[in-house]
Amino acid sequence: MLTTKQAYIHVGTHKTASTFLQKFLLKNRETLRERGVFLPLLKETIERLKKNSGFNDPNYHLPIVRALDLGQDSIEAKETFRDLEHAIKTSSSEVVLLTSEIFEDQLTKQNILILERFFTSLGYETTFIAYIRNQPEYINSLYTQTIKRFWDNCSFDTYVDRSKDMVVYDYCRLFSEILKNKKVSFIARSYDQATKIGIETDFLDIVLGKGKYNVSDFTAKENYQNEAPGPATIFAAQLIRRIALSEFPHEKKLYLYWNRLKRLSHAKNWNERKYVGFSTDKARKIEQTFLEKNDRFAQLVWGSNWAIHYTQKKFDQNIFNPEDATLKELWEIECVVEKVLNDIRRKNGQRKTIKYSISNIARYFMKKRRYI
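Rules and cut-offs
Residues numbered from 1 in each chain as written. Predicted model: local features only at pLDDT ≥ 70, side-chain atom pairs only at ≥ 80, totals over all residues. Heavy atoms only, no water. Axes fitted to C-alpha atoms, helices over the stretch in contact; angles between N-to-C directions. Helix = DSSP H or I, 4+ residues; strand = E, 2+ residues; numbered from the N terminus. Left-handed = near helix turned anticlockwise from the far one by under 90°. Contact = heavy atoms within 4.5 Å. Nonpolar A, V, L, I, M, F, W, Y, C, P; charged D, E, K, R; others polar. Buried < 20%, exposed > 50% of the residue type's maximum accessible area, 1.4 Å probe, protein only. Pairing = 2+ DSSP bridges. Salt bridge = Lys/Arg side-chain N within 4 Å of Asp/Glu carboxyl O. Parallel < 35°, antiparallel > 145°, perpendicular 65-115°, else oblique.

A. Molecular detail of the packing of helix H5 (residues 75-91) against helix H6 (residues 109-121). Two numbers describe how H5 lies on H6: the axes approach to 11 Å, and their chain directions differ by 35°. For H5 against H6, the interelement crossing comes out right-handed. Along its contact with H5, which presents Phe81, Leu84, Glu85 and Ile88, the element H6 presents Ile114, Leu115, Phe118 and Phe119. For the contact of H5 with H6, the per-class residue count stands at seven nonpolar, no polar and one charged.

B. Structural context of unusual backbone geometry. With an omega of 5°, the peptide bond between Gly12 and Thr13 qualifies as cis. Tracing the sequence through the fold places Thr13 in the loop between strand E1 (5-10) and helix H1 (18-27). Of note in this structure, Ala17 is not a glycine but carries a positive phi near 65°. Considering the arrangement of structural elements, one finds Ala17 in the loop between E1 and H1. Judged by its relative accessible area of 24%, Ala17 is partly exposed.

C. Molecular detail of the sheet that holds strand E2 (residues 37-38). Taken together, the five strands give an open sheet; going across it, the order is E2-E3-E1-E4-E5, and neighbouring strands pair in parallel fashion. Both outer strands of the open sheet, E2 and strand E5 (184-190), are each paired with one neighbouring strand and no more. Sheet topology note: the E1/strand E4 (residues 124-132) ladder contains six bridges and is parallel. Among the inter-strand pairings, Lys5 is bridged to a residue of E4, identified as Tyr124. Together, E1, E2, strand E3 (95-99), E4 and E5 form the strand contacts of helix H12 (residues 199-209), whose direction differs from that of E4 by roughly 160°.

D. Spotlight on the environment of Leu21. If you trace the backbone, Leu21 turns up in helix H1. Leu21 sits 177 residues away from Gly198 along the chain, and the two C-alpha atoms are 10.0 Å apart. When residues no more than four places from it in sequence are discounted, the contact partners of Leu21 are His10, Ile199, Glu200 and Phe203.

E. Looking closely at the pattern of salt bridges. Taken as a whole and judged by the stated rule, the model has 19 salt bridges. The residue Lys164 makes a salt bridge to Asp161 at a minimum N-O spacing of 3.7 Å. Glu292 is the salt-bridge partner of Arg296, the closest N and O atoms lying 3.9 Å from each other. A residue pair is termed a helical-turn pair when its members lie 3 or 4 positions apart in one helix, as Arg296 and Glu292 do in helix H15 (residues 280-301) at four residues. Its relative accessible area of 42% is what places Arg296 among the partly exposed residues. Each of Glu34, Arg35 and Asp217 takes part in salt bridges that share partners, so that together they form one network.

F. Here's a closer look at the packing of helix H14 (residues 258-267) against helix H16 (residues 327-347). Across the interface, H14 lies against H16 with an axial gap of 10 Å and an inter-helix angle of 155°. By the angle between their axes, H14 is roughly antiparallel relative to H16. Taken as a pair, H14 and H16 cross one another with a handedness that is right-handed. Contacts from Arg260, Leu261 and Leu264 in H14 reach Val336, Lys339, Val340 and Asp343 in H16. Partitioned by chemical class, the residues of the contact of H14 with H16 number four nonpolar, no polar and three charged.

G. Expanded view of the environment of Ile112. When you line up the elements, Ile112 lands in helix H6. For Ile112, a relative accessible area of 1% gives the class buried. Taking the C-alpha atoms as reference points, Ile112 and Val184, 72 residues apart in sequence, are found 8.5 Å from one another. Once residues lying within four places of it in the same chain are set aside, the contact partners of Ile112 are Leu107, Phe128, Glu177, Ile178, Asn181 and Val184.

Here it is as structure tokens:
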């Protein structure tokens, strides 16, 4: 039995089944509440639920993230936290739960203080929860998200080189302000180990206590997961971004065309085998690069070495190589690229669309060897 009221803030990380988990928690909101765990929904979120007759975007605590980004003195932030405070006080629950992987992008010293002071004022202790992935899989997953949303069109090797200095893969740096703040607690979970039992089960063990609830009281496993693209989808996305920005260099919303690319990819069955940029040897090298940082983090949060919590996996590299592609494969790529580009052109006021010649594009890939 808890002796103090507890506020849990699930902060991701990105690409650790957060959407899967958020949908599961929302579906079981009343069951959780009966057991003393309150998942607050703000006025903005409730309105979206009513409007959509369901929830297309499961990130229902995004308004709180946005409030932190705007700063506590902004009118919108003050209104959001007043709304959250009212919901919590009305619930009278012993445990409050917030969840958004976008919290990961707001883990500054000031924001940790804001959240800690907010919950302290309501009589709650604050605990942050994060699921941690081994870097090779994490890098691969974030790379595909970066490319499919047209945020970049770099090669996988280039992205891997950049990753060595990115804070998102250095967990001591990423969570430094949480680890330094003695007034908050931190629960870090191995994503590998959590997925073996089911991440929703692992999460319930945290917020309800292992062995203190009946799994059968909760709905069946949520079957939703974010789209994992295949090699041809990644290759097409790289082409689309490069060509689109050569024609419309000031286009800022290319990411809006991801859904169009996703639908076309499904129609071509491109995503049956997922993109894997690593070979096993390359994965071992990146693990070695992060070994010292990972062991330091593992000692801080688990009191043990990193290797105890993660299994070294083998990787079957699966990328699209235009040099090895057939004319049919190149033609399919061109058709998809053409359709998305023409959507972009129409959006930018260009009535006349362009159709590329498959013979030209095939010749380009096979003779020039490299386009990106």
